[in-house]
Amino acid sequence: MRLYAVVAAGGFRRYATYRIATVAGVFTNTVFGFIMAYTYVALWDERPQLGGYDMSQALTYVWLGQALLMTCAMMGGGFEDELIERIRTGDIAVDLYRPVDLQLWWLAGDLGRAAFHLLGRGIVPMLLGSAAFDLALPASPGIWPAFLVSVALGAVVSFAIRYLVALSAFWLMDGAGAAQIAFLAGMFFSGLLLPLNLFPGLLGEVARALPWSALLQVPADVFLGKHTGWGLVRAYGFQAGWALALLLAGRLLQSAATRRVVVQGG
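Residues numbered from 1 in each chain as written. Predicted model: local features only at pLDDT ≥ 70, side-chain atom pairs only at ≥ 80, totals over all residues. Heavy atoms only, no water.

Colleague: So what exactly am I meant to see when it comes to the confidence of the model for the protein here?
Modeller: Any segment with low pLDDT has predicted coordinates that should not be analysed in fine detail. On average, residues of the protein carry a pLDDT of 90, and 97% of them reach 70 or more. In the model of the protein, helix 5 (residues 92-97) stands out as the element of lowest mean pLDDT, 81, in contrast to helix 11 (residues 217-223), which has the highest, 96. (pLDDT = per-residue confidence, 0-100. Helix = DSSP H or I, 4+ residues; strand = E, 2+ residues; numbered from the N terminus.)

Here is the structure:
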């Protein structure tokens with residue numbers, strides 16, 4: 001486990017190196033945060049308590065979305081492009097023969113990336129949003145660690161989805177199409193554009209049941225105090241269940257890919 005901790009720390013340092021990109025990202029998140037916030041203000045002025053949120057909670061949801069956008073890679077961005085390229089060029093064969101677990105290696109690096117983005121691109125937009133709007137910040141100090149646990153689970157679910165997308169390149173030879181589909185699904189079904197509670201009928205039920213809701217909708221509701229007690233346990237169970245299922249699917253796909261490489265290499 002020490003090796004993977006070092007890999008995670010390396011992932012953190014790797015993204016911390018690009019200071020100008022981080023500043024540009026903070027600026028972009030803040031600008032889009034203000035655009036979304038004023039859009040929500042107009043919407044909630046017409047429909048107060050829409051989706052079970054008051055105005056303050058809705059605005060908080062906006063800024064949480066900007067804080068977690070890169071942390072949980074809702075629109076992609078991270079290791080998957082590099083992994084797809086290694087599969088395309090055949091360099092992945094070297095990785096598969098290394099005495100490390102391929103999935104855990106990439107997971108550790110991606111968690112380091114997520115930790116950096118939470119600190120580097122999440123805190124400042126949230127602070128600016130709270131200075132400009134009346135946000136519904138947690139009154140209970142216990143909500144903060146509960147929120148961080150939910151964010152960590154969301155980051156693992158995000159990794160597991162993108163790992164499956166990247167491994168599809170073994171059969172598709174180019175993962176760009178699968179990555180684009182995942183990008184659109186993540187943007188829509190995570191709740192980044194609108195809270196999933198606003199989706200009507202069957203669409204809302206399906207959207208909330210899909211793994212992408214673990215990236216933003218669930219952590220945001222934990223932050224807003226919507227999940228407490230056994231409700232919080234169920235929220236964690238939902239995220240952990242998807243994380244385990246998707247990681248297992250990734251491991252199975254990885255095993256199939258390994259056999260494919262061995263057969264072709266032989």
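Colleague: Can you help me understand the nonpolar core in this one?
Modeller: The tendency in soluble globular proteins is for nonpolar side chains to be buried side by side. Ranked by size, the top nonpolar core spans 63 residues in total, and within it Tyr40, Leu83 and Tyr163 carry the most contacts. A total of 11 residues in this core trace back to one element, the largest contributor, which is helix 7 (residues 143-167). The residues contacting Tyr40, other than those within four sequence positions of it, are Met55, Ala58, Leu59, Tyr61, Val62, Leu193, Leu194 and Pro195. (Core = buried A, V, L, I, M, F, W, Y, C linked by side-chain atoms within 4.5 Å. Buried < 20%, exposed > 50% of the residue type's maximum accessible area, 1.4 Å probe, protein only. Contact = heavy atoms within 4.5 Å.)

Colleague: Would you mind going over the side chain of Thr71 with me for this structure?
Modeller: Summarising the element assignment, Thr71 is placed in the loop between helix 3 (55-68) and helix 4 (80-89). Given a relative accessible area of 2%, Thr71 falls into the buried group. Reaching out from Thr71, the side chain makes a polar contact with the backbone nitrogen of Leu118 at a distance of 3.2 Å. Setting aside chain neighbours within four positions, we find Thr71 in contact with Arg113, Ala114, His117, Leu118, Val151 and Ala155. (Polar contact = N/O pair within 3.5 Å; in protein donor to acceptor, adjacent residues only side chain to side chain.)

Colleague: How should I be thinking about helix 7 in this particular structure?
Modeller: Note: α-helices contain 3.6 residues per turn, so residues at a spacing of three or four share the same orientation. Across its 25 residues, helix 7 extends 36 Å between first and last C-alpha, which sits within 8% of the 36 Å expected from 1.5 Å per residue. Where burial is concerned, most of helix 7 is hidden: 18 out of the 25 residues are buried. (Expected span 1.5 Å × (residues − 1).)

Colleague: Would you explain the packing of aromatic side chains in this entry?
Modeller: What characterises a pair of aromatic rings is the spacing of the ring centres plus the angle enclosed by the ring planes. A complete count under the given rule lists 17 aromatic pairs for this structure. Taken together, a centroid distance of 5.8 Å and an interplanar angle of 40° make the contact between Phe79 and Trp106 tilted. Of this pair, Phe79 sits in the loop between helix 3 and helix 4 while Trp106 sits in helix 6 (residues 102-132), placing them 27 residues apart in sequence. Each member of the pair, Phe79 as well as Trp106, is classed as buried. Ring centres of Phe79 and Phe159 lie 5.0 Å apart, and the angle between their planes is 35°; this geometry places the pair in the tilted category. (Phe/Tyr/Trp six-rings, centres within 6.5 Å; stacked < 30°, edge-to-face > 60°.)

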